[in-house]
Amino acid sequence: MAAKKAAKKPNVSGDELKEHYREMLLIRRFEEKAGQLYGMGLIGGFCHLYIGQEAVVVGLEAATEEGDKRVTSYRDHGHMLACGMDPNGVMAELTGREGGYSKGKGGSMHMFSKEKHFYGGHGIVGAQVPIGAGLAFADKYNDNKRVTFTYFGDGAANQGQVYETFNMAALWDLPVVFVIENNQYAMGTSMQRSTSTPDIYTRGAAFGIPGEVVDGMDVLAVKAAGEKAVAHCRAGKGPYILEVKTYRYRGHSMSDPAKYRTREEVQRVKSERDPIERVREMLLEGKHASEEDLKAIDKEIKAIVNESAEFSKTSPLPAESELWTDIVA
C-alpha cells in the first residue's frame, strides 16, 4: 500500500507553538532529572527515558479531545506528562513512593490515570496493543466518538499479537490509531537488521488498514498526521496506522551503554534534527517569542521538575499493608 499523501502542516498561532515548546521541554527536563535520580540510586528497577522523542506524543496529544484514551509500553513518562498527569505523581512513582500514581508499587513501567484516560505503560513487549483495541472496542460499543491511541515501538511491531489485533480492529472498524514509535533500534538491534520491510506501516495493507510515515522530529507534522488519523477514526472508518520516525538519544534503558551505534550518529541527530530546537528556531524566527521569553519558560519548567524531584524524595514509602491492596485473590 502506498503511503497516503502526508497531511498539510497546520497553521498554528505563536501561543500554540509556545505551548508545544513548553510541553516538549517539560518532558526533556523531567527525563533528565529522572536520569539523575536513577544515578543517585533513588529510582530502582528499570527506567526507560523518552529524550529525543518528545515531538511524537506532544504532537499527537494536540490532536486529541477530552475522553480520548491512550495506552503505551514501558517508555511512558512522556506520554503521562503530555496528557496532563501531575509531574509530582509521576516522579514519586519512579521513586516507589506513596504519592505516586500506583502508590509506589508500579514504578517506571506501570502507572495509570483513569482521570486522564491513560491506561498504562506495560512492561511486556507488545502486550498493550490488544489492550488498546479493547479500549477502542468499548468506545465503538458505546458509540461515543472517542479514539484510542495505541503506542508501540519498532521492535514490538514484530510481535504476533500486533497482527492479531490489526485483524480484529479491521474486522470491527475499531476507532484506534496504532502509533509505531520507530526510534530505529529495538533494544540494541537496528531496525534494518530486524525488520523485513523498510516501512512498518505497510504491514497494515494485509488487513486493509491505511497508514502513513511521519517525521517524528517535527511536532507540527505529527500533529497534522494525528488530526488526519483521528478524523478517519471518528468518521467510523476503522483503524489507522501512523509510523512516526523518531530517535532516542539515550540507551534503551538506564543500564544500556548503547555501543551498537556511534556517538557521531547520535550527535548528528541532536545537532540537525532536535525537535525542541526546531520549535525554538521557529519561535525566534517568527518573532513569536524572544530569547528572554524562552529563558522564562525554561526557568518555569525547571522549577516544576525540581519540585517533582523534591516531592518524590519526601513522599513516604508505601505501608506494608499495601502489599494486600489492588489484587484479586
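Since the structure is predicted, the reported quantities are computational estimates derived from the model, not experimental observations. (Residues numbered from 1 in each chain as written. Predicted model: local features only at pLDDT ≥ 70, side-chain atom pairs only at ≥ 80, totals over all residues. Heavy atoms only, no water.)

### Structural notes on helix α5 (residues 128–142)
The terminal C-alpha atoms of α5, which comprises 15 residues, lie 21 Å apart, in line with the 21 Å expected from a rise of 1.5 Å per residue. Those residues of α5 that fall on the buried side of the exposure criterion are Gln128, Val129, Gly132, Ala133, Leu135, Ala136 and Asp139. All buried residues of α5 project into a common sector of 155° when viewed along the axis, lining one side. Looking at the buried side of α5, the elements it contacts are β1 (69–71), β2 (148–153), α6 (160–171) and β3 (176–182). Of the residues trailing α5, Asp143 is marked for its positive phi of about 50°. (Helix = DSSP H or I, 4+ residues; strand = E, 2+ residues; numbered from the N terminus. Expected span 1.5 Å × (residues − 1). Buried < 20%, exposed > 50% of the residue type's maximum accessible area, 1.4 Å probe, protein only. Arc of directions from axis to C-beta. Contact = heavy atoms within 4.5 Å.)

### Quick notes on the packing of aromatic side chains
Overall, the coordinates contain seven aromatic pairs when judged by the stated rule. Centre to centre, the rings of Tyr185 and Tyr247 are 6.5 Å apart; their planes meet at 80°, and the pair counts as edge-to-face. Of this pair, Tyr185 sits in strand β4 (residues 185–186) while Tyr247 sits in the loop between β7 (240–245) and α9 (263–273), and the two are 62 residues apart along the sequence. Here Tyr185 matches Tyr247 in class, with each residue buried. One aromatic cluster in this structure is built from Tyr163, Phe166, Phe178 and Phe207. (Phe/Tyr/Trp six-rings, centres within 6.5 Å; stacked < 30°, edge-to-face > 60°.)

### A word on a nonpolar patch on the surface
A grouping of Phe137, Tyr141, Met168, Leu171 and Trp172 is seen on the molecular surface, where their side chains present a nonpolar patch of about 600 Å² in accessible area. Every element with two or more residues in the nonpolar patch is listed here: α5 and α6. Summarising the element assignment, Leu171 is placed in helix α6. (Patch = residues over 30% accessible without salt bridge, like charges linked within 9 Å, V, L, I, M, F, W, Y side chains within 5 Å. Areas by Shrake-Rupley, 256 points an atom, 1.4 Å probe, with all protein chains shown as cover. Salt bridge = Lys/Arg side-chain N within 4 Å of Asp/Glu carboxyl O.)

### Some remarks on the sheet that holds β7
Pairing within the open sheet is parallel, and its five strands lie in the order β1-β2-β3-β7-β6. Here the strands that pair on one side only, and so sit at the sheet edges, are β1 and β6 (211–215). Pairs of neighbouring strands in the sheet enclose a mean axial angle of 20°, with direction left out of account. When β6 meets β7, the two strands line up parallel, connected through five bridges. (Pairing = 2+ DSSP bridges. Axes fitted to C-alpha atoms, helices over the stretch in contact; angles between N-to-C directions.)

### Remarks on the packing of helix α1 (residues 14–39) against helix α2 (residues 54–61)
Interhelical geometry of α1 versus α2 gives an angle of 135° and a closest axis separation of 9 Å. With respect to α2, the axis of α1 lies oblique. In the crossing of α1 with α2, the sense of the turn from one axis to the other is right-handed. Between α1 and α2, the residues in contact are His20, Glu23, Met24, Ile27 and Arg28 and Glu54, Ala55, Val57 and Val58, respectively. Considering only residue class, the contact of α1 with α2 consists of five nonpolar, one polar and three charged. (Parallel < 35°, antiparallel > 145°, perpendicular 65-115°, else oblique. Left-handed = near helix turned anticlockwise from the far one by under 90°. Nonpolar A, V, L, I, M, F, W, Y, C, P; charged D, E, K, R; others polar.)

### Some points on the pattern of salt bridges
Here the structure, examined in full by the defined rule, presents 26 salt bridges. A salt bridge links Glu292 to Lys295, with the shortest nitrogen-to-oxygen separation between them at 3.7 Å. Taken together, the residues span about one helical turn, with Glu292 and Lys295 both in helix α11 (residues 291–314) at a distance of three residues. Residue classification places Glu292 among the exposed positions, given a relative accessible area of 54%. Note on Lys295: relative accessible area 52%, which makes it exposed. Overlapping salt bridges, with partners in common, bring together Arg29, Glu32, Asp298 and Lys302 in one network.

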